[in-house]
Amino acid sequence: MKAKIFVTLKKGVLDPQGKTIQKALGSLGFKNIDDVRAGKYFEVNIKNGAKKKAEAEVKKMCERLLANTVIEDYTFKIEK
């Protein structure tokens, strides 16, 4: 199975990287950009097992290492 994990800053948390990307896009002629938020993406291959168990493991991974849950949110999807 493969877990696809998305980690993003919570709303209200400043995103200087996103602002830098937004300014760069504007300088390249993309003037219709209202906001940019940067994040992280992970793919984790999980050995065969039950989907529920894989979901529980991925949640633990996110909360213990992959996301700083004070300032970041995460979502994930498990695929076969």
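Residues numbered from 1 in each chain as written. Predicted model: local features only at pLDDT ≥ 70, side-chain atom pairs only at ≥ 80, totals over all residues. Heavy atoms only, no water.

Engineer: Which parts of the structure should I look at to understand the overall build of the chain?
Structural biologist: When its secondary structure is counted, the chain shows two helices and three strands. The linear arrangement of helices and strands in the chain, starting from the amino end, is β-α-β-α-β. The C-alpha radius of gyration computed for the chain amounts to 16 Å, which surpasses the reference 12 Å derived for 80 residues by more than 25%, pointing to a less compact arrangement than a globule. Projecting the C-alpha coordinates of the chain onto the three principal axes gives extents of approximately 50 × 25 × 15 Å. A total of 80 residues make up the chain; the buried ones form 24% of that total. A sequence separation of at least 24 residues applies to 69% of the contacts in the chain between residues at least 6 apart. Counting only carbon and sulfur atoms, one obtains 55% of the accessible surface of the chain, whose full area is about 6200 Å². If you average the places of the 18 positive and of the 10 negative side-chain charges in the chain, the two averages end up 3 Å apart. (Helix = DSSP H or I, 4+ residues; strand = E, 2+ residues; numbered from the N terminus. Rg over C-alpha atoms; globule rule 2.2 N^0.38 Å. Buried < 20%, exposed > 50% of the residue type's maximum accessible area, 1.4 Å probe, protein only. Contact = heavy atoms within 4.5 Å. Areas by Shrake-Rupley, 256 points an atom, 1.4 Å probe, with all protein chains shown as cover. Lys, Arg positive; Asp, Glu negative; His and termini not counted. Charge placed at Lys NZ, Arg CZ, Asp CG, Glu CD.)

Engineer: Would you take a moment to explain the side chain of Asp-15 for this structure?
Structural biologist: The topology assignment puts Asp-15 in the loop between β1 (2–9) and α1 (16–27). Arg-37 is the oppositely charged side chain nearest to the buried, salt-bridge-free Asp-15, at an N-O distance of 4.2 Å. For Asp-15, the contacting residues outside a window of four places in its chain are Leu-9, Val-36, Arg-37 and Ala-38. (Salt bridge = Lys/Arg side-chain N within 4 Å of Asp/Glu carboxyl O.)

Engineer: Would you take a moment to explain the pattern of salt bridges for this structure?
Structural biologist: Note that side chains of opposite charge can pair when their charged atoms are close. Scanning the entire structure with this criterion turns up five salt bridges. Among the salt bridges present, the one from Asp-35 reaches Lys-19, with a minimum N-O distance of 3.3 Å. With Asp-35 in the loop between α1 and β2 (39–45) and Lys-19 in helix α1, this pair connects stretches of sequence that are 16 residues apart. Close ionic contact of Lys-40 with Glu-72 constitutes a salt bridge, the shortest N to O distance being 3.4 Å. In this pair, Lys-40 is assigned in strand β2 and Glu-72 in strand β3 (residues 72–79), connecting sequence segments 32 residues apart. Among the charged side chains, a salt-bridge network with shared partners connects Lys-4, Lys-77 and Glu-79.

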